[in-house]
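Fold and geometry: a report
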Amino acid sequence: MQSKAKTVDAYLAGLPDDRREAISAIRKVILKHLPRGYEEGMQWGMIGYYVPHSIYPDGYHCQPDEPLPVASLASQKNHMAFYGLGLYIDEEQARWFVEEWKKAGKKLDMGKSCVRFKTLDDVAIDVIGRAIKRMPVKQYIALYESQLTANDAGKKISQKRAAKKKK
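Structural notes, computed from the coordinates.

With that settled, the discussion passes to the packing of aromatic side chains. On inspection of all chains with the given rule, the structure shows five aromatic pairs. Taking the centre distance of 6.0 Å and the plane angle of 85° together, the rings of Y56 and Y144 count as edge-to-face. Within this pair, whereas Y56 is found in the loop between β2 (46-51) and β3 (68-75), its partner Y144 is found in helix α6 (residues 137-149), the two being separated by 88 residues in sequence. In this structure Y144 comes out as buried when scored by relative accessible area, which is 5%. Aromatic side chains F82 and F97 sit 6.5 Å apart centroid to centroid with 25° between the ring planes, which places their arrangement in the stacked category. A residue pair is termed long-range when its members are at least 10 positions apart, and F82 in strand β4 (residues 80-84) and F97 in helix α4 (residues 91-103) qualify at 15 residues. For F82, a relative accessible area of 2% translates into the label buried. Taken together, the ring pairs connect F82, F97 and W101 into an aromatic cluster. Taking the ring centre of W96 as reference, the NZ or CZ of R134 above it sits at 4.1 Å.

This is how it looks when you write it as structure tokens:
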């Protein structure tokens, strides 16, 4: 469920109290652990954390006008979610995340890159903070670009970008 909010504050203000409390608590932990270089803002109707165009001008390969996303927080219709794109592109990071979440004793409802939850009590919030901290900007960009070149669609995009830079 995409929000039409233009700012993070407006997004949070539009949430019911219980969801605002949960999303705000996770946001606070993310901001505390967010490596230098990332920015926070609204992206695709969610609170987004991303590599700005000033650092990575190519942006997100699917939508180059969007900065390169690394994580998001959202209030969906039936749940809230933390989206960790670093988990999606790095199998080692994903394994670490699952192991640490289970060690925290919390039930994990996880898709490919999202963790769904109903309440803040369902969240291993410290694990989210440590996962964010483990993904410095340069490392994330390198992982992202290695994934692009690992598949046919990504190879075409990489070739187009290389040709564009030569001009």
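From this point, things continue past the structure.
We now examine the sheet that holds β3. In space, the five strands of this open sheet follow the order β1-β2-β3-β4-β5, with antiparallel pairing throughout. The sheet is open, and its two borders are formed by β1 (39-43) and β5 (114-117), each paired with just one other strand. The sheet shows a mean angle of 20° between the axes of neighbouring strands, direction not considered. Across the face of the sheet, helix α2 (residues 17-33) comes into contact with β1, β2, β3, β4 and β5 while running at roughly 155° to β3.

Attention now goes to the pairing of β4. On any regular strand, side chains alternate: one points to one face of the sheet, the next to the other face. When you tally the buried positions in β4, you get five out of five residues, the bulk of the element. Burial along β4 is two-sided: M80, F82 and G84 and A81 and Y83, pointing in opposite directions, are all buried. In the sheet, β3 pairs with β4 via five bridges, with the strands oriented antiparallel. Bridging across to β4, A71 finds its partner in G84. Where β3 hands over to β4, the hairpin turn is made up of four residues, counted between the paired strands.

Cut-offs applied
Residues numbered from 1 in each chain as written. Predicted model: local features only at pLDDT ≥ 70, side-chain atom pairs only at ≥ 80, totals over all residues. Heavy atoms only, no water. Phe/Tyr/Trp six-rings, centres within 6.5 Å; stacked < 30°, edge-to-face > 60°. Helix = DSSP H or I, 4+ residues; strand = E, 2+ residues; numbered from the N terminus. Buried < 20%, exposed > 50% of the residue type's maximum accessible area, 1.4 Å probe, protein only. Lys NZ or Arg CZ within 6 Å of the ring centre and 35° of its normal. Pairing = 2+ DSSP bridges. Axes fitted to C-alpha atoms, helices over the stretch in contact; angles between N-to-C directions. Contact = heavy atoms within 4.5 Å.

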